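Architecture and fold: a report
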Amino acid sequence: MSNYHIKHLEEYFQVYRKSVRNPESYWEEIAEEHFMWHKRWDNVLSYDFEKPEFKWFEGAKLNITENCIDRHLRTRGDKTAILFEPNNPDEEAQHISYNELHERVAKMANVLKSQGVKKGDRVCIYLPMIPELAVSVLACARIGAIHSVVFAGFSSTALATRINDSDCKLVITSDGSFRGSKTIDLKGIVDEGLKKCDSVETVLVVNRINAEIEMKEGRDQWLQPLLEKAETTCAPEIMDAEDPLFILYTSGSTGTPKGMVHTTAGYMVYSAFTFKNVFQYREDDVYWCTADIGWITGHSYIVYGPLANGATTVMFEGVPSYPDYGRFWEIVEKHKVTQFYTAPTAIRALAKENLEHVEKYDLTSLKVLGTVGEPINEEAWHWYDENIGKKKCPIVDTWWQTETGGIMISPIPYSTPAIPTFATLPLPGIQPALMDEEGNEIKGNQVDGRLCIKFPWPSMARTIWGNHQRYKDTYFSAFKNMYFTGDGALRDSVGYYRITGRVDDVVIVSGHNLGTAPIEDAINEHPAVAESAIVGYPHEVKGNALYGYVILKETGESRNQDNLRKEINQLISDRIGPIAKLDKIQFTNGLPKTRSGKIMRRILRKIASNDTSNLGDTSTLLNPEVVQEVMDNVIK
Ligand code: WTA
């Protein structure tokens, strides 16, 4: 029996039982056999849910990039580590071997050092999906700097908030990015954002689109000339197991984004272990995850997990619709992709297009298909299964979060029989619990409740940067001695889990988590707006879309409502990013409120979703008459 690589269902159950009975020895064996350490740990795990504090492999010394690169050089030096597919299909793909990656990471690491970046410093990476993004991430890890990747679709304000929250000293960006037929002025966004940031001393700029840009004297430098002068080797910084590896921001239901802090050893072990099992990765496979490295999926399953296993990982710069809706499948055929991992929203968007886009291409190389980020509906699951997998590829519906660092509940291909819409069973070491609102665990099967995890796992986020109290309040206060996920789930008669969605005020739009409060804050900045409430409603392609109820300051506002809608969306775009724009905006004279003045979002959600048959008891509202008004003016 192998602890590290599970190959059939019986083995899964055996391994799972062992992992739960004795987690320490289970993870210790994996850590020992599959990774490279400078010093062994003194203690596998210590934890305290009250503080909360979690330490894995304490006392161990390592560098994650040695595990992801150096140790493969002897046996896989010429193997492709990163296969870069550019936005424009006419531009040649790049096959970056492990040897080459080693050199590029070393050079970048040396450039960072020459700019004064040291262990523990925060570096913000704001780049499109080009090789320099992965190289920058690894270069930070090489020298022990903490990377904070910000998705390059975020606005200048969102970028500035994230840079300031963790006092980044250096930013790596590019002159611009290609996105389908468009180019985006990334450097302009950075310049705008940095007007509000004092901590940044240096901006390194990759030339991606040959744009004429302004370079600020004393702050901005082109990266290429610096790389050309840099040494080709760089000794790894030896890190403690619990040293922070990266910060990644995720939206909360209220307030500023949360800088989730992941540490080194546990994250490495768990992302590598789950990559191997969930995708059943074999030596000659070509694995492709379509996510952006700006999200946790890209961190764990484009960069760290695959490279720790010596895999070939595809990085795609473009979008699924350019030059046409066949692009994904063209890439699968061209590079003979074996594992393909994407989001339900992409599947739904592609399923709407003509099947010819799929049928033109040879997809026989595919072995395993994956989805992540939101619940997948049955129709999309079957489309994926029939048209992409040709009913021969197991589908892994992987449930996890930025906070969990790695996949938590998922089928294991060829082992776990899949049922559409079920993430199925917990991976080894993961102990889910369903809780009722009174804080009791709901035992047995065919039940639903709030999804918690009741035992630590190696890749859990250790804190929120600069705000440990918020970490405690958000994840460890709702239920004693449990990590609370914020999701609801049901457990069926055989013990399979199905994630039913968020139970807080986070809405997942096209796989992106959006907190409603920060969007409301943005809208309320508009001088004509008195109050607003945002809810999610079901959307055919995006999963959820955003619906805004807005009260204007002056009733009978004479301004053109369409213009107001545009201005509101522009504000949201500026403050957060285009992904947070509202699909529908209803102007209203009132919002249903409880007697204590809280907006009843439950009712607003139902109205926006066109599900008004059972609004529940509205008589206890402060202003029950408003409900009818809101319903009468709903935007269909
Ligand atoms: C949701 C993405 C249903 C869930 C890795 C979670 C899912 C949030 C699934 C985290 C899935 C993720 N089925 N829902 N397979 N995967 N989610 O932090 O609500 O961007 O809490 O991490 O996405 O989103 P995040």
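Above this note sits the structure.
Figured I'd write up the structure that's included with this text. (Residues numbered from 1 in each chain as written. Predicted model: local features only at pLDDT ≥ 70, side-chain atom pairs only at ≥ 80, totals over all residues. Heavy atoms only, no water.)

1. A look at the sheet that holds strand β30 (residues 584-588)
Read across the open sheet, the 3 strands follow the order β28-β29-β30; overall the sheet is mixed. Two strands close off the open sheet at either side, each with one partner strand: β28 (529-539) and β30. Averaged over neighbouring strand pairs, the angle between their axes works out to 25° when direction is ignored. Seen against the sheet, helix α17 (residues 516-524) touches β28 and β29 (543-552) and runs at an angle of roughly 140° to β28. (Pairing = 2+ DSSP bridges. Helix = DSSP H or I, 4+ residues; strand = E, 2+ residues; numbered from the N terminus. Axes fitted to C-alpha atoms, helices over the stretch in contact; angles between N-to-C directions. Contact = heavy atoms within 4.5 Å.)

2. Considering the site of the ligand
Near the ligand lie 17 residues; those nearest to it are Asp-397, Thr-398, Thr-402, Asp-487 and Arg-502. Pro-375 has a polar backbone atom sitting 3.4 Å from a nitrogen atom of the ligand. Here Thr-402 contributes a side-chain N or O atom positioned 2.6 Å from an oxygen atom of the ligand. Burial of the ligand by the protein chains amounts to 95% of its free accessible area of 520 Å². Mapped onto the shell around the ligand, the elements with two or more residues apiece are α11 (296-308), β20 (395-398) and β25 (497-502). Within the shell around the ligand, the residues separate by chemical class into 7 nonpolar, 6 polar and 4 charged. (Near = heavy atom within 4 Å. Polar contact = N/O pair within 3.5 Å; in protein donor to acceptor, adjacent residues only side chain to side chain. Areas by Shrake-Rupley, 256 points an atom, 1.4 Å probe, with all protein chains shown as cover. Nonpolar A, V, L, I, M, F, W, Y, C, P; charged D, E, K, R; others polar.)

3. What about the environment of Met-631?
Looking at where Met-631 falls in the secondary structure, it is placed in helix α20 (residues 625-632). Overall, Met-631 belongs to the partly exposed group, its relative accessible area being 24%. The spatial distance from the C-alpha of Met-631 to the C-alpha of Lys-229 is 66 Å, given a sequence separation of 402 residues. When near neighbours in sequence (up to four residues on either side) are disregarded, Met-631 contacts Ile-607, Thr-612 and Leu-615. (Buried < 20%, exposed > 50% of the residue type's maximum accessible area, 1.4 Å probe, protein only.)

4. As for the pairing of strand β22 (residues 447-453)
Across a regular strand the side chains alternate sides, sitting on one face of the sheet and then on the other. For β22, a buried count of 5 out of 7 residues is recorded, marking the element as mostly surrounded by other parts of the structure. Of the strand pairs in this sheet, strand β21 (residues 432-435) and β22 are connected by 4 bridges, and their pairing is antiparallel. Note on β22: the bridge partner recorded for Ala-433 is Cys-452. Relative to strand β24 (residues 483-491), β22 runs antiparallel, the two sharing 6 bridges. Bridge assignment links Cys-452 to a residue of β24, and that residue is Phe-484.

5. Let's talk about the side chain of His-102
Tracing the sequence through the fold places His-102 in helix α5 (residues 98-114). Those residues within four positions of His-102 in sequence are excluded, and the remaining contacts are Ile-69, Asp-70, Leu-73 and Arg-142.

6. Focus: α5
Compared with the 24 Å implied by 1.5 Å per residue over 17 residues, the 24 Å span of α5 between its first and last C-alpha is a close match. Here α5 has its buried residues at Tyr-98, Leu-101, His-102, Val-105, Ala-106, Met-108, Ala-109, Asn-110, Val-111 and Leu-112. With its phi angle positive at about 90°, Gly-116 sits one or two positions after the end of α5. (Expected span 1.5 Å × (residues − 1).)

7. Focus on the nonpolar core
The biggest cluster of nonpolar side chains holds 123 residues, and the ones touching the most others in it are Trp-37, Phe-57, Leu-101 and Tyr-304. Leave out the neighbours within four places in its chain, and Phe-57 touches Trp-27, Glu-28, Ala-31, Trp-41, Asn-43, Val-44, Ala-241, Ala-265, Gly-266 and Val-269. Grouped together as the second largest cluster of nonpolar side chains are 39 residues, Val-190, Val-205, Ala-522 and Leu-552 included. (Core = buried A, V, L, I, M, F, W, Y, C linked by side-chain atoms within 4.5 Å.)

8. A closer look at the layout of surface pockets
The calculated volume of the second largest pocket comes to roughly 340 Å³. Together, 20 residues line the second largest pocket, and Gly-255, Pro-257, Pro-518, Arg-575 and Ile-576 are the ones closest to its centre. Residue assignment for the lining of the second largest pocket shows that the elements contributing at least two residues are α7 (156-165), β27 (512-515) and α17. In terms of residue class, the lining of the second largest pocket is made up of 8 nonpolar, 8 polar and 4 charged. (1 Å grid on protein atoms, 1.4 Å probe; cavity = no way out; pocket = protein on both sides within 12 Å on 5 of 7 lines; lining within 4 Å. Points joined across faces, edges and corners; volume = space filled by probe spheres on them.)

9. Topic: the side chain of Thr-173
Note on placement: Thr-173 falls in strand β8 (residues 170-174). Classification of Thr-173 by relative accessible area gives buried; the value is 0%. For Thr-173, the side chain forms a polar contact with the main-chain oxygen of Tyr-126, separated by 2.9 Å. If sequence neighbours within four positions are ignored, Thr-173 has contacts with Tyr-126, Leu-127, Leu-186, Lys-187, Val-190, Val-203, Leu-204, Val-205 and Val-206.

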